[in-house]
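Structural features, examined
The primary structure of each chain is shown beneath.
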Amino acid sequence: MTQMLLLLLYGFVFLLATESCRTLCQAASKSKEQVSTRAYGDCHGACVDNSYCSQPCPPDTPGDVGFLCRQKKWHKVTDTCRTLSAFNIFEEDSNYVQIFGGSKFSEYTKKPETITDLLMEKCPQDLSCVIRNIQKSPRIPGNIAVIVQLLHNISTVPMTDVDEAKMQSYSIMANHILNSKSISNWTFIPDRNSSCILLHSINSFARKLFFNKHPIDIAENFIHTVGTILSRDNAGKNLTFSMRVNDTSDVVVGKVLISREELQEVPSPSQAVSIAFPTLGAILETSVLESIAVNGLVLSVILPKELERISLVFEKISKSEDRRTECAGWHSLESRWDRKVCRMIQENSQQVVCKCSPSKIFTSFSILMAPHVLQSPILIYITYIGLGVSICSLVLCLCIEALVWGQVTKTEISFLRHVCIANIATTLLMADVWFILASFLSGPMRRHSACVAATFFVHFFYLSVFFWMLAKALLILYGILIVFHTLPKSVLVAALFAVGYGCPLLIAAITVAATEPGKGYLRPEACWLNWDMTKALLAFVIPALAIVVVNLVTVTLVIVKTRRAAIGSSMFQEVRAIVRISRNIAILTPLLGLTWGFGIAMVLNDGLLAFHIIFSLLNAFQGFFILVFGTILDPKIRDALKDRINSAKWISRISENVSSDFSRHPTKGPS
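What counts as what
Residues numbered from 1 in each chain as written. Predicted model: local features only at pLDDT ≥ 70, side-chain atom pairs only at ≥ 80, totals over all residues. Heavy atoms only, no water. Helix = DSSP H or I, 4+ residues; strand = E, 2+ residues; numbered from the N terminus. Buried < 20%, exposed > 50% of the residue type's maximum accessible area, 1.4 Å probe, protein only. Contact = heavy atoms within 4.5 Å. Areas by Shrake-Rupley, 256 points an atom, 1.4 Å probe, with all protein chains shown as cover. Salt bridge = Lys/Arg side-chain N within 4 Å of Asp/Glu carboxyl O. Pairing = 2+ DSSP bridges. Axes fitted to C-alpha atoms, helices over the stretch in contact; angles between N-to-C directions. Expected span 1.5 Å × (residues − 1). Phe/Tyr/Trp six-rings, centres within 6.5 Å; stacked < 30°, edge-to-face > 60°. Lys NZ or Arg CZ within 6 Å of the ring centre and 35° of its normal. Disulfide = S-S within 2.5 Å. Patch = residues over 30% accessible without salt bridge, like charges linked within 9 Å, V, L, I, M, F, W, Y side chains within 5 Å. Core = buried A, V, L, I, M, F, W, Y, C linked by side-chain atoms within 4.5 Å.

**A word on the overall build of the protein chain**
- Tallying secondary structure elements over the protein chain gives 17 helices and 20 strands in all.
- Per-residue burial over the protein chain gives 48% buried out of 671 residues.
- Within the protein chain, contacts between residues at least 6 apart in sequence are counted, and of these 71% link residues at least 24 apart.
- Of the accessible surface of the protein chain, which amounts to about 33,000 Å², a share of 62% is contributed by carbon and sulfur atoms.

The following block contains the structure:
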């Protein structure tokens, strides 16, 4: 009897201790789960630009918060604070996991294991034993990283029996960190590829999904999975998703369309899985260096390999009409959007229809919205009116050159000078024409190949304008430092053409060859050289600005050298010609340089209307500047024009006299 009482007493004490331990553990667990996303203490040390410091997380929360000093202020850049661990992520089961000295042990294997190992032992049938605690956990960066790693590890576990129950549990876990309220916290995860890993993990797990005759439909707020059976007898398949990007937004629609003709290539029966994500596009933006925005649902498709082309319909999240839209696929190996695997079929203000080629590398697709393009009626009027004036001015300039060519090209240096002026006017005229064509091709339904061609010629001809200006500068240097008639005129002309057309052609060809294969030649929003991805615009900016510097140095050298030429000397006439060329360069070069200086500022600060207006004004009236400063203000050209006008009047007067004589004394024929 006494022994039985002692046993009962020991049992009561053991149960009391166990219950107390459980209560304490639950309290500790809840205290960790209640950690909010509040800002932790900033660094208190001296803030020197680009210096880094870290602060510990709140008590009982592992991890730290990293800060970077920018403009004399500390800014949070990383956050690894987490409340989820292998101990508290599972639903309570004191008989399963025991803690000894902080290490995790299974009472069956008695060795340290990962969360995934424990999960596959505890609830391999449906993976549901972590769902409740994951859903209760705060969506702080550290917890997001833990869940991403868990989903990645689950996707790599060898499984052949992923059914609807497992897929549903997997979707619930993913849904928690895809919530629109967690988007900003993704930016503080140290591993910038976490969102890419999540997308790849979900697609990999969905590939293992198997269902028999009945389709599946697993709908969460931020991830929606649909599985269906494909058969050649089907009239076609239409998988439609309607989801909200956040709590306040309207529903956004996405569709996967498989036509009857495409189904004829598929073994019957086959299964197809499609997954829609309304927020993943915004989350992926934290990992992609390119300044683009995803403007629709991200649609993942797992299809039979025989289906080489599918149609996708994306409703636009932002209905802005001044933003270019492009279809794109996610390159799972390179973690970037790729525009080569899709082409746009149709677009309006509400939606876009894309034709895409799915594969193991390209499983996810969406539509991209280019950075904001400033549109203003003032800019449009300035650009087109100015270009019209410029083109008319250049045509008039060429006509004047043709009229006075014989009179103003009597000396060798004058001949070479007017060769340069005529070619500057010709190349700028062609550049303006191609600029107008490129602006028409820059609409929402642009043809890529035509846009590439237009961009190439705009790049080539605008570069040619600068290189012909350089040719004039080299002509001056040659005239000052050497003697003009030491080389035949044909050799000098060939050298000018090599500089004026050969160099820009080489630069333009290398640029398109180096950047177009990776679709980095064009800007997303216009038919012009790309800046965000490949910095192809530098192939225009660097040569242009370098020529501006060379020409200004040349003008300075001319000012110094020509002071020594005395009036009446044998070199005086040539010096006067050189001075005229220099004056022309001294005026036109800064204007051209200033124009494209504002062009660079416009690219770097696209939202400032003033830069757009100044660039449009200067760019549009370049032809007018060349007409005025290149021809009209030249004394020799004015004198030659007066001579032509006077001779035309004289010829007209003679013809009038001759005709009047004929009228007074008509010729009599034979009687």
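Having put the structure on the table, let's press on.
**Notes on the pattern of salt bridges**
- Across all of its chains, the model carries 6 salt bridges by this definition.
- Note that Lys76 and Asp79 form a salt bridge whose closest N and O atoms lie 3.4 Å from each other.
- Residue classification places Lys76 among the partly exposed positions, given a relative accessible area of 25%.
- The class of Asp79 is buried, set by a relative accessible area of 2%.
- Here Lys355 and Glu262 are joined by a salt bridge, their closest N and O atoms 3.3 Å apart. Highlighted residues: Lys355 in strand 17 (residues 351-356) and Glu262 in helix 7 (residues 260-263), separated in sequence by 93 residues. Take Lys355 and Glu262: they sit in the same class, and that class is buried.
- Through salt bridges with shared partners, a single network forms among Glu334, Arg336 and Asp338.

**Overview of the sheet that holds strand 1 (residues 52-56)**
- Judged by pairing direction, the sheet is antiparallel, and its 3 strands sit side by side in the order 1-2-3 without closing on themselves. Since the sheet does not close on itself, it has two edges, and those belong to strand 1 and strand 3 (73-79), each with one partner. Adjacent strand axes in the sheet meet at a mean angle of 35° when their direction is disregarded.
- As paired strands, strand 1 and strand 2 (residues 64-70) are joined by 5 bridges and run antiparallel to one another. Within the sheet, the bridge partner assigned to Cys53 lies in strand 2 and is Phe67.

**Some words on the environment of Val493**
- As for its placement among the helices and strands, Val493 is situated in helix 12 (residues 489-515).
- Considered as a pair, Val493 and Phe415 are 78 residues apart in the sequence and their alpha carbons are 9.6 Å apart.
- Excluding anything up to four places from it in sequence, Val493 contacts Phe415 and Leu416.

**What to know about the pairing of strand 13 (residues 310-315)**
- Counting buried positions over the 6 residues of strand 13 gives 6, a clear majority of the element.
- On strand 13, burial covers both faces: Ile310, Leu312 and Phe314 on one face and Ser311, Val313 and Glu315 on the other are all buried.
- Pairing analysis gives 4 bridges linking strand 9 (residues 251-259) to strand 13, with the strands arranged antiparallel. Bridging across to strand 13, Lys255 finds its partner in Val313.
- Note that strand 13 and strand 17 share 6 bridges and pair antiparallel. Residue pairing for strand 17: Leu312 is matched across the bridge by Cys354.

**Structural notes on helix 6 (residues 194-207)**
- For helix 6, which comprises 14 residues, the first-to-last C-alpha distance of 20 Å matches the rise-based estimate of 20 Å (1.5 Å per residue) to within 8%.
- With 10 of 14 residues buried, helix 6 lies mostly within the body of the structure.
- Every buried residue belonging to helix 6 is among Ser194, Ser195, Cys196, Leu198, Leu199, Ser201, Ile202, Asn203, Phe205 and Ala206, and all of these are buried.

**Side note on the packing of aromatic side chains**
- Enumeration according to the criterion identifies 14 aromatic pairs in this entry.
- Judged by centre distance (6.5 Å) and plane angle (35°), the ring pair of Phe460 and Tyr501 falls under tilted. Taken together, the positions of Phe460 in helix 11 (residues 448-481) and Tyr501 in helix 12 put the pair 41 residues apart, joining distant regions of the chain.
- Feature note: the residues Trp434, Phe456, Phe457, Phe460, Phe461, Trp468, Phe497 and Tyr501 constitute an aromatic cluster, connected by ring pairs.
- The side chain of Lys76 reaches across the aromatic face of Phe188, ending 4.4 Å from its centre.

**Quick notes on the state of the cysteines**
- For the structure shown, the criterion picks out 6 disulfides.
- Across the disulfide from Cys123 sits Cys129; the S-S distance is 2.0 Å. Because the torsion about its S-S bond is -60°, the bridge between Cys123 and Cys129 counts as left-handed.
- Residue class for Cys123 comes out buried when judged on its relative accessible area of 8%.
- A sulfur-sulfur distance of 2.1 Å marks the disulfide that ties Cys342 to Cys356.

**Some thoughts on helix 5 (residues 164-178)**
- Over its 15 residues, helix 5 runs 20 Å from end to end, which matches the ideal 21 Å to within 8%, given 1.5 Å per residue.
- Where burial is concerned, most of helix 5 is hidden: 12 out of the 15 residues are buried.

**Some details on the sheet that holds strand 13**
- Strand order across the open sheet formed by 5 strands is 8-9-13-17-16, with antiparallel pairing between neighbours. The open sheet is flanked by strand 8 (236-244) and strand 16 (342-347), the only strands paired with a single partner. If you compare each strand with its neighbour and ignore which way they point, the axes differ by 20° on average.
- Where strand 16 lies against strand 17, 5 bridges are found, and the strand directions are antiparallel. Counted as the bridge partner of Arg343 is Lys355 from strand 17.

**Comments concerning a nonpolar patch on the surface**
- Residues Ile380, Tyr384 and Phe440 make up a contiguous nonpolar surface patch of roughly 320 Å² in combined accessible area.
- Mapped onto the secondary structure, Phe440 falls in helix 10 (residues 412-441).

**Some thoughts on the nonpolar core**
- In this structure, Leu416, Trp468, Tyr521, Leu529 and Phe540 are the most contacted members of the largest nonpolar core, which totals 58 residues.
- When contributions to this core are tallied by element, the ones reaching two or more residues are helix 9 (377-408), helix 10, helix 11, helix 12, strand 20 (526-529), helix 13 (538-562), helix 16 (622-632) and helix 17 (635-664).
- When residues of this core are assigned to their parent elements, the largest contribution, 18 residues, is made by helix 11.
- One finds Val162, Ile218, Phe222 and Ile283 within the second-largest nonpolar core, a separate group that totals 56 residues.

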